[in-house]
Amino acid sequence: MARYRADALVMPLAEFGAVARETGWDPAALAARFEVALPAVFRRIATLPEREMAGVRAGIVICDGAGAVTFCKPLDGFAPPRHGAGCPLWPLYQALGRPMAPLRAVLLPAGRVQQRLLAYAVSEAHQAEGFGSALVHESSMLLLSGGPSAVGADPPQSVGMTCRICPRADCPARRE
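What comes next is a walk through the structure. (Residues numbered from 1 in each chain as written. Predicted model: local features only at pLDDT ≥ 70, side-chain atom pairs only at ≥ 80, totals over all residues. Heavy atoms only, no water.)

**A closer look at the side chain of Asp7**
With respect to the helices and strands, Asp7 occurs in helix H1 (residues 2-10). Under the relative-accessibility criterion, Asp7 is labelled buried at 7%. Aside from chain neighbours lying at most four places away, what touches Asp7 is Ala40, Arg43 and Arg44. (Helix = DSSP H or I, 4+ residues; strand = E, 2+ residues; numbered from the N terminus. Buried < 20%, exposed > 50% of the residue type's maximum accessible area, 1.4 Å probe, protein only. Contact = heavy atoms within 4.5 Å.)

Structural data, given as structure tokens:
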């Protein structure tokens, strides 16, 4: 709740919603406009009230450096597993190997309903206790559906929810 409140204070609802619609939900443009980091923009978009979304649906997945999901707002058709690991092909996990390098991908989740999702991911490291302390990594992935940018020109990347139930038997990252 403290994080949500901090995000809302620097990105007020009415102004943020208007700028988000104006920029086509571009997280980089929003981060520049409000002078905040990308993960804050991801969280703010994902927690906007439906009336502010103008037909866009948003979800978010946040994990720690070990890949454990620490926060999730699922998106219809894309619900990470409650227990166990998600698909290793998600940009969320790819970003852990590329700290501070934003990723963008069009995802085609395996399942009954074929829907294209636009995913943005970035990983950050925080040094909580000052010099010499351990770095704490966190990766965030914003998922958008139904917006103007969700139909990007990028070829879609097939992903699953978790290896245990994924129908993609030939996946190079499959572990079960």
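Having seen it, we continue.
**Quick look at the pattern of salt bridges**
Opposite charge on two side chains permits them to pair, given that their charged atoms come into close proximity. Summed over the entire model, instances satisfying the criterion amount to five salt bridges. Between Asp76 and Arg57 there is a salt bridge, with the nearest N and O atoms lying 3.8 Å from each other. Here Asp76 is found in the loop between strand S2 (69-73) and helix H5 (91-96), whereas its partner Arg57 is found in strand S1 (residues 57-64), with 19 residues between them in sequence. On the basis of relative accessibility, which here comes to 30%, the residue Arg57 falls in the partly exposed class. (Salt bridge = Lys/Arg side-chain N within 4 Å of Asp/Glu carboxyl O.)

**Quick look at the side chain of Glu124**
Structurally, the position occupied by Glu124 is in strand S4 (residues 117-127). Put simply, Glu124 is tucked away with no salt bridge, and the nearest opposite charge, on Arg43, sits 6.3 Å away. (Lys, Arg positive; Asp, Glu negative; His and termini not counted.)

**Details of the pairing of S1**
Among the eight residues that make up S1, six are buried, leaving the element largely enclosed by the rest of the structure. The pairing of S1 with strand S5 (residues 135-145) spans eight bridges and is classified as antiparallel. Looking across to S5, one finds that Arg57 is bridged to Ser145. Summarising the sheet, S1 and S2 pair through four bridges and their orientation is antiparallel. The partner of Cys63 across the bridge, within S2, is Val69. Linking S1 to S2, which pair antiparallel, is a turn of four residues; within it Gly67 sits at a positive phi near 90°. (Pairing = 2+ DSSP bridges.)

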